[in-house]
Amino acid sequence: MAQINEQLIADVVRQVLKGVNGGTQPAAASGSGISAADYPLGMKRKDLLKSPRGIPFEELTLENIESGKVTFDDFRISPEVLKMQGEIATSAGRSQIALNLGRAGELTKVPDARILEIYNSLRPHRSTKDELLSIAEELEKKFGASVCANFVRESADVYQRRKLLKGDLPSAE
Amino acid sequence: MAVSKRSKRFEVLENRPVHKDGFIGEWIDVGLIAMGSPNDPKPSIRIEGDKVVEMDGRRREEFSMIEQFVADYAINVKNAPEAMAKSELEIARMLVDVNVPRGECIRVMTALTPAKIARVMDSLNIVEIMMAMQKMRCRQTPGNQCHITNVKDHPVLLAADAAEGALRGFIEMETTVGIVRYGAFNALALLVGGQTGRRGTLTQDALEEAFELEVGMRGLTSYAETVSVYGTESVFVDGDDTPWSKSFLASAYASRGLKMRFTSGTGSEVQMGAAEGKSMLYLEVLCIMVTKGAGVQGLQNGSISCIGVPGAVPSGLRAIACENLVTMCLDLEVASGNDQTFSHSDQRRTARTIPQLFPGTDLIFSGYAAEPNYDNMFAGSNWDIDDMDDFLSIQRDFKVDGGLRPVSEEDVIAIRNKAARALQAVFAELGFPPITDEEVELATYAHGTKDVGDRNIPEDLKATERLMKEGITGVDVAKALAKRGFRDIAESIILMMRQRVAGDYLQTSAWIDSDGAVYSAVNDPNTYAGPGTGYKMSDGRWNEIKSIPWAVRAEDV
Amino acid sequence: MQINTELLEKIVAEVLAEIGGGSSGASVATAAPEEVAGVKLTETGKAARGTDPKEVVLAISPAFATTFKKTITGIPLADVLRQVFAGVEEEGLHVRVIRVYHTADVAFMSHLGARLSGSGIGIGILSRGTSIIHQRDLNPLSNLELFPQAPVIDLPAFRAIGKNAAKYAKGESPNPVPTKNDPMARPRYQGLAALLHNKEASFIDRSKAPQELSVTFE
């Protein structure tokens, strides 16, 4: 379906970088040196991809599932890959996506059930300020998720100012 | 204004389908106005350090939670003074001018306040909006999405419909339920059916946020879309979320390697009785900016489920095209609506789709009812399966790529049958209530639920509960398929599971080709810069669109 | 299906009066509540959490059966109540009715009903007819059964909603009330529904707690 011309893309990417980076945050100088030119990683940089416990991307196959070598838990993205995708997004001029993927990288360490609980706690009128601050503490101390922790702290301030904390709703039981 | 003797012409006109549509006048005080309300704020910005301290006439300490989020995360503060100094007209002209590169337009548009963006849109007429869309959409190749649902939540029919939809060219498909607790089976049916129809099909289950995330984590779906955001604080809170909870949810999806986009649309705030007197488009701009600020790659908008509201007021369909355009201008993927019934009139239905279909968007529909509308559980789409040949004709008439292709009856029957049998195998292997051979046969040839029997619903619901409780995953489904001889479909599911390790489809406007290659705004960016540039239909694709089976060919006469 | 023209005309007239008079919706909100024929609803104090496992709590919206007398298709709201009561009662359970003031969002209304209900099962109904059966331990925006399209809910469906709610309260897994789908309801009714909802929303009082109602059918 898509008509992809490699040369054209390279030109366009250069053009985009020129056009966009002038305005948005500068491309991340640090990092693995991954950029839009390496994309898609699943085609061009399979060498960089592996499951969280280190099984190479190429070995994530049906045969290896059947033999028991690969399980469901191997089909998870790693913080490293999220960082690379963030760098690709930044190099294509999309800094907010990189921020989101940065938070996501931190959350890879948080178990599914706990993620769902934290999400529910962030919903309006669900938590007191102290409860939100202790979630932030947990994210920081237990999971090393400092960006997420600050994000939750920010929400606690906003919820307090806008009366969105638990107990702020007059008609709650 | 009743007249004593009726004009026969007026009597005929009154009985036309368009007269069944509910048209209403503007009611500015409550926000029943599409765009340009006198109550919309006047654009302004004041920046101290790198913080926005005043936006659109409101001081920071008075910001709603939405305004604070937008000011802190969605406005490029460095470019804002220059961009805000331009007149609305100057910016509107940049969007239409083929000599101003897309990147330059993005630089300006991402540095504006919500009120300013709304005013830029109000400076454009509908043809200019379409011109701008052609240049501003993120990905060069247009695509299409469908709904796969039915009124009985019949899993076999869902699988067959999903397979047919994928074969017809839909790159994404979305389901929802009549009965919430059927949700897990719908996800399973789309996974199996979608991969049967075309390897690489993205599927999602539009349900409550936490449930959607859970089935996504399990690998039963590959992306999420129904993550709603709203333009006023009270409606956002009634939607049981905040920009912070929604952003956290977005990061949660990405942390599991899942694609997602937000959903919003004009009319939702006034529909919920809390538009605070603002125009529908102004509030929608806030939603788009929340999406941008959350770092989500894209948005479904175009009024969506509230289209009866903007569809009923003056300039409403123009406002809807504007919301799609704003999304593109903030460099976000857009799944551009056209997904809900809004008119009894075929002329209005078609006209409503032109602004997205002719310029092309990432997903022109979000989605097209790939079943008859009586089975569409999103309460009906603007186009349904019975309109399919009209759609294929329009692609051919105008040489426009709407993402779909003509198919033969033989191929459709074969693929539907295969998907139904594959689901039968999965059910048998996982110990779910059996799917009979008769059910497979009926689903293969069905038009909709009128042609299939009833399942034992309480038994099915017990099984869906078990599916969730036991933690059955995409890998279990692949194993079941492989064991029962559907190795190719099992491989396709694994290919989808691998996407979440590579994360390539987390980038803007991504879809997955049959060989597992991901195309997005990163490697297929829109290069439109006037005639002879941008998306060009290949000869192969044009021949496909041309070949509607019912056209009379000279050599056969 | 026919449009509730009487109500529509009344509301349009009110809207026009408001626009003409330049006043806000608040003036209408403070107008004395009117009675609806066929049922008497009397507030008896703040709604409390129940302990009776044989009750289903029905939460109704701020202007249900006061300003609004009929659903969007013209079904009298007294008949709606009667059918829901009958449905619950034929399963041997009973209904407790509360009026919610702080929201007119049917998901939150019904979820509040469920949380206050001794059985943990609640029903929410908006004046225009939109309904939900909810359960205490579900997320507010989830539900047991949702009836989002007010124009297709008829009296037998309201009875069935009551009956199923009672069955859930007894711990059974009933066949859900058959889902109806009219794809052309939106084009016809959604603009009108927005008008009605804005009217109902003008009766929201964010600071007022839900009230217990005693119900007498006449």
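An account of the accompanying structure is given in this report. The written sequence of each chain sets the order in which its residues are numbered from 1. Lettering for chains starts from A, numbering for ligands starts from 1, and both go in the order in which the items are written. For a predicted model such as this one, the threshold for reporting local features is a pLDDT of at least 70, and the threshold for listing and counting side-chain atom pairs is 80 or more; totals across whole chains, interfaces and linings nevertheless cover every residue.

## Some words on the overall build of chain C
So, step 1. In this text, helices come from DSSP runs of H or I with a minimum length of four residues, and strands from runs of E with a minimum of two, each type numbered from the N-terminal end. Counting its secondary structure elements, chain C contains six helices and seven strands.
So, step 2. As a rule, residues whose C-beta atom has 12 or fewer other C-beta atoms within 10 Å are exposed, those with 20 or more are buried, and those in between are partly exposed; C-beta atoms are placed from the backbone. Looking at chain C as a whole, 56% of its 218 residues qualify as buried.
So, step 3. Any two residues are considered in contact once their C-beta atoms, placed from the backbone, lie within 7 Å. Within chain C, contacts between residues separated by at least 24 positions form 75% of all contacts whose residues are at least 6 apart in sequence.

## Thoughts on the sheet that holds strand β5 (residues 131-135) of chain C
Residues and elements named next belong to chain C.
So, step 1. DSSP calls a pair of strands paired once it identifies at least 2 bridges connecting them. As summarised here, the arrangement of the seven strands in space is β1-β7-β3-β2-β4-β5-β6, forming an open sheet in which the pairing is mixed. Strands with a single pairing partner mark the edges of an open sheet, and in this sheet they are β1 (39-46) and β6 (145-147). On average, each strand axis in the sheet is inclined to that of its neighbour by 30°, with strand direction left out of account.
So, step 2. Running over the sheet, helix α4 (residues 106-116) touches β2 (55-60), β3 (94-99), β4 (121-125) and β5 and is turned about 150° from β4. Lines are fitted to the C-alpha atoms to define the axes, a helix being fitted only along its stretch in contact, and any angle between axes, read from their N-to-C directions, falls within 0 to 180 degrees.

## Quick word on helix α6 (residues 114-122) of chain B
Residues and elements named next belong to chain B.
So, step 1. With nine of its nine residues buried, α6 lies for the most part within the structure.
So, step 2. Looking only at α6, the buried set comprises Pro114, Ala115, Lys116, Ile117, Ala118, Arg119, Val120, Met121 and Asp122.
So, step 3. Structurally, α6 contributes buried residues whose contacts are with α2 (65-73), α3 (80-85), α4 (88-96), α5 (102-109), α14 (280-294) and α15 (316-329).

## With respect to the packing of helix α5 (residues 95-107) of chain A against helix α8 (residues 146-161) of chain A
Residues and elements named next belong to chain A.
So, step 1. With their axes 8 Å apart at the nearest point, α5 and α8 run at an angle of 110° to one another. Viewed along their axes, α5 and α8 adopt a mutual orientation that is roughly perpendicular. For the pair α5 and α8, contact is made by Gly102, Arg103, Glu106 and Leu107 and by Val147, Cys148 and Phe151, respectively.
So, step 2. Amino acid classes used here: Ala, Val, Leu, Ile, Met, Phe, Trp, Tyr, Cys and Pro are nonpolar; Asp, Glu, Lys and Arg are charged; the rest, including Gly, are polar. Looking at the contact of α5 with α8 residue by residue, the classes come out as four nonpolar, one polar and two charged. Reported orientations rely on four angle classes, namely roughly parallel under 35 degrees, roughly antiparallel over 145, roughly perpendicular from 65 to 115, and oblique for the rest.

## With respect to the packing of helix α6 (residues 112-122) of chain A against helix α12 (residues 243-255) of chain B
So, step 1. Between α6(A) and α12(B), the shortest axis-to-axis distance is 8 Å and the interhelical angle comes to 165°. Classified by the interaxial angle, the pair formed by α6(A) and α12(B) is roughly antiparallel. The handedness of the crossing between α6(A) and α12(B) comes out as left-handed. Only Trp244(B), Ser245(B), Phe248(B), Leu249(B) and Ala252(B) of α12(B) make contact with α6(A), whose side of the interface consists of Ile115(A), Ile118(A), Tyr119(A) and Leu122(A).
So, step 2. Class assignment of the residues belonging to the contact of α6(A) with α12(B) gives a composition of eight nonpolar, one polar and no charged. Handedness of each helix crossing follows the sense of rotation of the near helix against the far helix: counterclockwise by less than a right angle gives left-handed, clockwise gives right-handed.

## Considerations on the sheet that holds strand β6 (residues 202-205) of chain B
Residue and element names in this part refer to chain B.
So, step 1. With respect to topology, four strands assemble into an open sheet ordered β6-β5-β4-β11, the strand pairing being parallel. Taken across any chain shown, the strands that pair with only one partner, and hence form the sheet edges, are β6 and β11 (366-369). Geometrically, the sheet is characterised by an average inter-axis angle of 30° between neighbouring strands, direction not taken into account.
So, step 2. In the sheet, strand β4 (residues 145-147) pairs with strand β5 (residues 172-175) via three bridges, with the strands oriented parallel. Among the inter-strand pairings, His147 is bridged to a residue of β5, identified as Glu174.

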